[in-house]
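So the chains spell out like this:
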Amino acid sequence: MSEGAAITREIFLGLCSTSRIVFYSLSFISICFFIWGIRQRLKKYYSGKSSGGISNTLGRVGELLKLSLSNMTIIRDDLYSGLTHLLVFWGFLVLFVGTIIIFFNFDVVALMNRKWTFWHGSFYLWASFLLDLFGLVLLVGIAMMMLRRAFFKPQRLDYTRLDRDPDTYSRTKYVVGDWLFLSLLFVVGVSGFIVEGLRIAITQPPYSSWSFVGRFVAGLFPEMGTAAYKVLWWTHSLLGLAFVAYIPYSKAIHMLSDLANLFFKGRVTGEVPSLSEDELDFDKLGYMELKDFTRKELLDLDACTKCGRCHISCPAVISGLPLSPRDVVLDLRDFLAVKAKTITLWDSQAGSYKDEKLVGGIIKKETLWVCTTCLSCTEHCPVFIRPLPLIVKMRRHLIEGGFIDEGVQDALINISECGNSFGESSTNRGKWTSELRFDVKDARKEAVETLWFVGDFASFDNRAVEVTKAFAQVLHLMRLDFGILYDSERNAGNDLRRIGEEGLFEELAEHNKAILDECQFNVIVTTDPHSLNTLKVDYPNLNHPVLHHTELLNELLKRRQIALKRKLPYKVTYHDPCYLGRYNGIYGPPRDIIRFIGVEFVEMPRSRRNSLCCGAGGGGVWMRGENYGKERLSNMRIKEAYETGANCLVVSCPKCLVMFEDALKGMDLDGEFVVKDISELLLEALQE
Ligand code: SF4
Ligand code: SF4
């Protein structure tokens, strides 16, 4: 035997052949449990609708590797928890690969030809070192996680519900499941080191310093004999096998479902799935079935680790309203687990869900209505789970059943009768143009370079119309060739679609699309991020680029020599509208324009992807309900802006503008504080 071949370790040190047979039999049983558990998950997913094919497989694999190996989406919003997860992830990964290598060496290669085995010599020494190092990394990570759960108790890990009285629900299984997962992994790791230490104490290999943790443990138990070693070997092995069997039934499934979710994920968008014919059976309103969900949606639900990032970033939670995206996901998951008869271990609070109605029962009507569709949940979810399309699907049941807020009901009637949510005659859509000193072209009658899709609020709300006129004047000053659709324009349908009114949305989209197809233009612009979003995301085959006015203005300012006429006296802060920022990733252009104007600029603590919703989205701007929770979102946002020391809150959405102006009326702020659209600010700076 060569010297290198002697440097190794025995896997079954001191164990008889019967013990080995028992071990392999138990391993087989454990793997069978694992496969059966995975099978029941897959069966559940395949009960759902097809999510369509996937494209760019290689790109997806690359993205999966980047996101999973770096843990970047976990680290970005919470450094402590991100780093602990990174330690556990890498620790587990290396130990898993090590176990596979050992299996391959002893149970595959050795059976073919003993001479081909490689678990010895320098390979063995380096492998021993790495396994000890990453085993330690794993234990440190788990210990830090436990410490945080036990002592720091961050708000996002608090399972208290906002939609129920404390004595009407239980979270015990979730809490037990969380601790069981961490504890089991921890005990497997610790027992592994003890077994290693005892083996070193018994065999005294001269190269034991490579297994530095095991050697340290050996020093703690120098007198332990083979009997104790065997007991601990079995303890460690049984715990390890139990962990493998436990994975598909418990919180541990996220180790696989999250990877699958990262592979299948799309771009973070607020896209809403189309309504399928069988989705709304009027006799079964509220009773959703597995087949009402897509496979990707079912996978999304299983990927949730209850990390609570969506929970603490949701404006409903922030304002104390009865909605938490985390709880929506968990309620749906538990409900569907019962439907699919999935066996789970301390990972479900399904209770008596079997005969209960989902929409308006397990998930309350008010829960669904307080969602502002701000997309913060998906933006902050480390594995890109999308609660919003699920909420919209459930809202469709409420719309069908007529369970809606009076204000929303009125808006629906107005839109269906007049094509706008204000109930104004279509002929008044272009009325604001008569107050300008120049003509605005009719894009239906002549070709224009830029077609301006104005939107309801920008056409009819008195305050928003001021902005509309300001933007028109800026375009005129910049000599841009533009026109509007006048009375042919209809509500774009973004918010209708997101409150669940799919039928009316389709009518409007069809109408607007037909008009747009008849006009000649190069690009569409709008000041309304909601219209921007739906034109870009929901309208089929529009065939023209759609720009937000901040993008267009920024381009024009860069391309043309435009001189400012005035230095403005404002210190400004900027509010990122949800449908501009999180939905469409437009963060830079508004800030570039503010810099161009040259006013003092300060960011709010919650800006860009962390921006706090104003409360207008998802039909919020139409609602008459007076339940604002602890405080109205728009009030909170004004205070946040005011506390930066700014005297002007700059916005780039007519709905945000209206919400903030409304909030400002009821607030008693010292000194002058104004809300302005970015075009108003630019116009002021461009005029004498
Ligand atoms: S979209 Fe916004 S309001 Fe709705 S659940 Fe998600 S975070 Fe909450
Ligand atoms: S949905 Fe995503 S962010 Fe929310 S608790 Fe689950 S994993 Fe965390």
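Residues numbered from 1 in each chain as written. Chains lettered and ligands numbered in written order. Predicted model: local features only at pLDDT ≥ 70, side-chain atom pairs only at ≥ 80, totals over all residues. Heavy atoms only, no water.

Caption draft 1: Summary view of the overall build of the chain. Across its full length, the chain carries 28 helices and nine strands. The principal-axis extents of the C-alpha atoms in the chain amount to approximately 100 × 60 × 50 Å. Counting across all 688 residues of the chain, residues that qualify as buried make up 56%. Restricting to contacts in the chain with at least 6 residues of sequence separation, those with at least 24 account for 80%. Of the roughly 29900 Å² that the chain leaves accessible, carbon and sulfur atoms contribute 58%. (Helix = DSSP H or I, 4+ residues; strand = E, 2+ residues; numbered from the N terminus. Buried < 20%, exposed > 50% of the residue type's maximum accessible area, 1.4 Å probe, protein only. Contact = heavy atoms within 4.5 Å. Areas by Shrake-Rupley, 256 points an atom, 1.4 Å probe, with all protein chains shown as cover.)

Caption draft 2: Quick peek at the site of ligand 2. Around ligand 2 sit Cys304, Thr305, Lys306, Cys307, Gly308, Arg309, Cys310, Arg326, Cys381, Pro382 and Ile385, and those are all the residues in its vicinity. For the shell around ligand 2, the residue count by class is six nonpolar, two polar and three charged. (Near = heavy atom within 4 Å. Nonpolar A, V, L, I, M, F, W, Y, C, P; charged D, E, K, R; others polar.)

Caption draft 3: Representation of the domain arrangement of the chain within the structure. Here the chain is described as being made up of domain 1 (58-262), domain 2 (264-401), domain 3 (417-558) and domain 4 (563-686). Taken over C-alpha atoms, the centre of domain 2 sits 33 Å from the centre of domain 3. Buried surface at the junction of domain 2 and domain 3, summed over both partners, amounts to about 870 Å²; 58% is from carbon and sulfur atoms. Interface area lost by domain 2 to domain 3 is led by Val272, Arg396 and Ile399, which between them contribute 42%. Applying the counting rule to domain 2 against domain 3 returns one salt bridge. A salt bridge links Glu502 to Arg396, with the shortest nitrogen-to-oxygen separation between them at 3.4 Å. Our enumeration of links across domain 2 and domain 3 arrives at two residue pairs in polar contact (both at pLDDT 80 or more). (Domains from an automatic or database assignment. Buried area = accessible area lost by both parts, 1.4 Å probe. Salt bridge = Lys/Arg side-chain N within 4 Å of Asp/Glu carboxyl O. Polar contact = N/O pair within 3.5 Å; in protein donor to acceptor, adjacent residues only side chain to side chain.)

Caption draft 4: Highlighting a nonpolar patch on the surface. On the surface, a cluster of nonpolar side chains totalling about 330 Å² of accessible area is made up of Phe28, Ile29 and Phe33. Looking at the secondary structure, you find Phe33 in helix 2 (residues 17-46). (Patch = residues over 30% accessible without salt bridge, like charges linked within 9 Å, V, L, I, M, F, W, Y side chains within 5 Å.)

Caption draft 5: Spotlight on helix 5 (residues 79-112). Between its first and last C-alpha atoms helix 5 spans 48 Å; for 34 residues at 1.5 Å apiece the expected length is 50 Å, and the two agree. At Phe104, helix 5 shows its largest bend, some 30 degrees. Here helix 5 has its buried residues at Ser81, Gly82, Thr84, Val88, Phe89, Gly91, Val94, Gly98, Ile102, Asn105, Val109 and Ala110. Taken together, the buried residues of helix 5 touch helix 3 (57-70), helix 4 (72-75), helix 6 (121-152), helix 7 (172-203) and helix 12 (309-313). (Expected span 1.5 Å × (residues − 1). Bend = angle between axes of the 7 residues up to and from the residue.)

Caption draft 6: Summary view of the side chain of His311. With respect to the helices and strands, the residue His311 is situated in helix 12. When its relative accessible area of 4% is taken as the criterion, His311 is described as buried. When residues no more than four places from it in sequence are discounted, the contact partners of His311 are Gln155, Asp158, Thr160, Leu162, Val317, Ser324, Pro325 and Arg326.

Caption draft 7: Quick peek at the site of ligand 1. Taken together, Cys314, Pro315, Leu323, Pro325, Cys371, Thr372, Thr373, Cys374, Leu375, Ser376, Cys377 and Ile391 form the complete shell of residues around ligand 1. Looking at the shell around ligand 1 residue by residue, the classes come out as nine nonpolar, three polar and no charged.

Caption draft 8: Summary view of the packing of aromatic side chains. According to the stated counting rule, one finds 30 aromatic pairs in the structure shown. Measuring from ring centre to ring centre gives 5.5 Å for Trp119 and Tyr124, while their planes differ by 75 degrees; the resulting arrangement is edge-to-face. For the pair formed by Trp119 and Tyr124, the shared burial category is buried. Geometrically, the ring pair formed by Phe263 and Phe264 is edge-to-face, given 5.0 Å between the ring centres and 85 degrees between the ring planes. Take Phe264: its relative accessible area is 37%, and that puts it in the partly exposed class. Aromatic rings pair up to connect Phe104, Phe118, Trp119, Phe123, Tyr124 and Tyr207 into one cluster. Arg161 extends its terminal NZ or CZ atom over the ring of Tyr169, reaching a point 5.9 Å from the ring centre. In this structure, Lys265 packs its charged tip against the face of Phe384, placed 4.6 Å from the ring centre. (Phe/Tyr/Trp six-rings, centres within 6.5 Å; stacked < 30°, edge-to-face > 60°. Lys NZ or Arg CZ within 6 Å of the ring centre and 35° of its normal.)

Caption draft 9: Spotlight on the pairing of strand 8 (residues 648-651). Because side chains alternate across strand 8, one face comprises the buried residues Cys648 and Val650, and the other comprises Leu649 and Val651, equally buried. With three bridges joining them, strand 6 (residues 571-574) and strand 8 adopt parallel strand pairing. The residue of strand 8 that forms the bridge with Thr573 is Leu649. In terms of strand pairing, strand 8 meets strand 9 (residues 674-677) through four bridges, oriented parallel. Each bridged residue has a counterpart across the sheet, and for Leu649 the counterpart in strand 9 is Val675. After leaving strand 8, the chain enters helix 27 (residues 654-665) and then returns to the sheet as strand 9, a path that is right-handed. (Pairing = 2+ DSSP bridges. Right-handed = clockwise from strand over helix to strand, strands pointing away.)

Caption draft 10: The sheet that holds strand 6, seen in detail. An order of 7-6-8-9 is seen for the four strands of this open sheet, with the pairing classed as parallel. The sheet is open, and its two edges are formed by strand 7 (600-601) and strand 9, each paired on a single side. Contacts from helix 27 reach strand 8 and strand 9 within the one sheet, and its direction differs from that of strand 9 by about 170 degrees. (Axes fitted to C-alpha atoms, helices over the stretch in contact; angles between N-to-C directions.)

Caption draft 11: Seen up close, helix 9 (residues 226-246). The end-to-end C-alpha distance of helix 9, which contains 21 residues, comes to 30 Å, matching closely the 30 Å that a straight helix rising 1.5 Å per residue would cover. Burial in helix 9 covers these residues: Tyr229, Trp233, Trp234, Ser237, Leu241, Phe243, Ala245 and Tyr246.

Caption draft 12: Looking closely at the packing of helix 5 against helix 6. It is the contact of helix 5 with helix 6, at a shortest axis distance of 8 Å, that shows an interaxial angle of 145 degrees. You can see that helix 5 and helix 6 cross each other, and the crossing is left-handed. Considered class by class, the residues forming the contact of helix 5 with helix 6 number 20 nonpolar, seven polar and one charged. (Left-handed = near helix turned anticlockwise from the far one by under 90°.)

Caption draft 13: Local environment of the pattern of salt bridges. Under the definition given, this model contains 53 salt bridges. Between Arg429 and Glu489 there is a salt bridge, and its shortest N-O distance comes to 3.1 Å. Placement of the pair is Arg429 in the loop between helix 18 (406-418) and strand 1 (441-442) and Glu489 in the loop between strand 3 (482-484) and helix 21 (494-499), with a sequence separation of 60 residues. A single burial state applies to Arg429 and to Glu489, both of which are buried. The residue Lys441 makes a salt bridge to Glu446 at a minimum N-O spacing of 3.9 Å. Judged by relative accessible area, which is 39%, Glu446 ranks as partly exposed. The network of salt bridges with common partners includes Arg149, Asp178, Lys251, Lys306, Arg333 and Asp347.

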